[in-house]
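# Fold and contact review
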Amino acid sequence: MDELKLDRAFVLVVENGSFSAAARHLGTSVTSIARQINRLEATLGVRLLNRTTRRQSLTEVGHLYYQRLTELIREIDDVKREVSGYQNTVKGRLRVHLRISVGNAVIVPALKDFLAENPEVMIEVTLTDERADLVGLGIDVAVWLGNLEDSSLIARRLSPSRRVLCGSPGYLERSGHPTAPQDLVKHNCLVFRAKNYDNRWRFTKDATTVEIPVSGNLQTDSGAALFTSAMSGLGLVIMQESTVRQAVRKGDLIPLLTDHEVSPTEFDTALYAVYPSSRKVSPKTRAFLDFLVALFRHHDERPA
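Residues numbered from 1 in each chain as written. Predicted model: local features only at pLDDT ≥ 70, side-chain atom pairs only at ≥ 80, totals over all residues. Heavy atoms only, no water.

### Some details on the overall build of the protein
What the protein contains, in helices and strands, is 10 helices and 15 strands. Against the compact-globule benchmark of 19 Å for 304 residues, the protein has a radius of gyration of 32 Å, which places it well outside the compact range. Counting only C-alpha atoms, the protein reaches 105 × 35 × 30 Å along its principal axes. Going through the 304 residues of the protein one by one, you find that 44% of them count as buried. Long-range pairs, those at least 24 residues apart, make up 75% of the contacts in the protein with a sequence separation of at least 6. Carbon and sulfur atoms make up 49% of the accessible area of the protein, which totals about 16400 Å². Positive and negative charge centroids in the protein, built from 39 and 36 side chains respectively, lie 6 Å apart. (Helix = DSSP H or I, 4+ residues; strand = E, 2+ residues; numbered from the N terminus. Rg over C-alpha atoms; globule rule 2.2 N^0.38 Å. Buried < 20%, exposed > 50% of the residue type's maximum accessible area, 1.4 Å probe, protein only. Contact = heavy atoms within 4.5 Å. Areas by Shrake-Rupley, 256 points an atom, 1.4 Å probe, with all protein chains shown as cover. Lys, Arg positive; Asp, Glu negative; His and termini not counted. Charge placed at Lys NZ, Arg CZ, Asp CG, Glu CD.)

### With respect to empty space enclosed by the protein
Taken as a whole and assessed by the stated rule, the structure comprises one cavity of 30 Å³ or more. Its volume calculated, the largest cavity comes out at about 170 Å³. If you trace the largest cavity, you find 15 residues lining it, with Arg163, Phe192, Ile238, Met239 and Gln240 closest to the centre. Every element with two or more residues in the lining of the largest cavity is listed here: helix H8 (223–231) and strand S12 (237–240). Broken down by element, the lining of the largest cavity gets its largest block of residues, three residues, from S12. (1 Å grid on protein atoms, 1.4 Å probe; cavity = no way out; pocket = protein on both sides within 12 Å on 5 of 7 lines; lining within 4 Å. Points joined across faces, edges and corners; volume = space filled by probe spheres on them.)

### Brief notes about helix H5 (residues 100–117)
Given 3.6 residues to a turn, an α-helix orients residues that are three or four positions apart in the same direction. Helix length check: H5, at 18 residues, gives a terminal C-alpha distance of 24 Å against a target of 26 Å (1.5 Å per residue), a fit within 8%. Within H5, burial applies to Ser101, Val102, Gly103, Val106, Ile107, Ala110, Leu111 and Phe114. (Expected span 1.5 Å × (residues − 1).)

### Re the environment of arginine 156
With respect to the helices and strands, the residue arginine 156 is situated in strand S6 (residues 153–159). Along the chain, arginine 156 and tyrosine 272 lie 116 residues apart, while their C-alpha atoms are 5.4 Å from each other. When sequence neighbours within four positions are dropped, the list of residues in contact with arginine 156 reads Leu271, Tyr272, Ala273, Tyr275, Leu289, Asp290 and Val293. Among the polar contacts made by the side chain of arginine 156, one reaches the side chain of aspartate 290 at a distance of 3.2 Å. (Polar contact = N/O pair within 3.5 Å; in protein donor to acceptor, adjacent residues only side chain to side chain.)

Next comes the structure, spelled out in structure tokens:
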């Protein structure tokens with residue numbers, strides 16, 4: 001039998017003054033209460049109550065045990081209420097993994113709004129393009145690109161993650177503006193290297209897709225490195241529109257072949273919020289997921 005249940009029975013006997021009153025409080029029999037007290041005393045190896053046919057009183061050690069026990073039970077009940085409150089209140093530490101480019105460009109600048117609405121949340125942010133073990137590392141939410149391969153995770157689509165081909169004014173002044181996808185074979189193209197990505201860029205127009213083999217003097221698995229290199233004038237790059245939007249507005253990057261849909265891969269490149277399915281979704285996690293969905297809906301609806 002649960003020792004805490006025995007302890008609670010003992011406290012009720014003391015506070016109600018008799019076995020029968022404690023039994024009425026718990027909706028059980030006097031015999032059951034007496035059996036629980038006997039078992040508790042046997043477990044402890046001491047007598048807690050002096051019993052007579054009409055009343056019972058605490059022994060010296062019983063009085064000491066009662067005083068300490070009531071303090072412990074009060075603390076246990078407080079902890080249970082606090083933990084239970086986490087399932088009803090948006091509070092606590094929230095651990096998130098964000099892709100570097102979209103994290104820096106879109107999500108991190110908006111975190112102040114989420115935290116203003118949820119002042120009892122503390123966010124621990126890691127910027128990474130790697131797909132980490134969310135369950136093993138205790139990550140609440142991650143933002144990833146592309147389809148899931150792990151069935152133990154749940155994904156919510158945030159954005160179609162439209163891509164744009166662009167280059168800096170300096171590079172285009174030196175190397176010229178491509179006017180058709182085929183022109184890219186003559187340009188220095190900065191290539192993203194990762195699983196499901198290759199050096200063939202895809203351009204779709206009027207339901208027709210062409211694949212262009214590209215090459216250049218930089219290949220990397222870092223979106224941030226691609227962005228910085230394109231800004232410096234090294235070459236042409238395909239990036240998420242959300243990542244380059246501010247640079248395009250400022251004139252630091254110029255979109256190219258805008259009458260085509262572009263992609264550096266044949267696979268899904270949509271942006272997803274991902275979280276473990278094995279875990280009950282806490283209010284803080286659900287609040288952050290809803291925040292991300294609203295953030296990207298607003299962001300995608302804004303003109304580029």
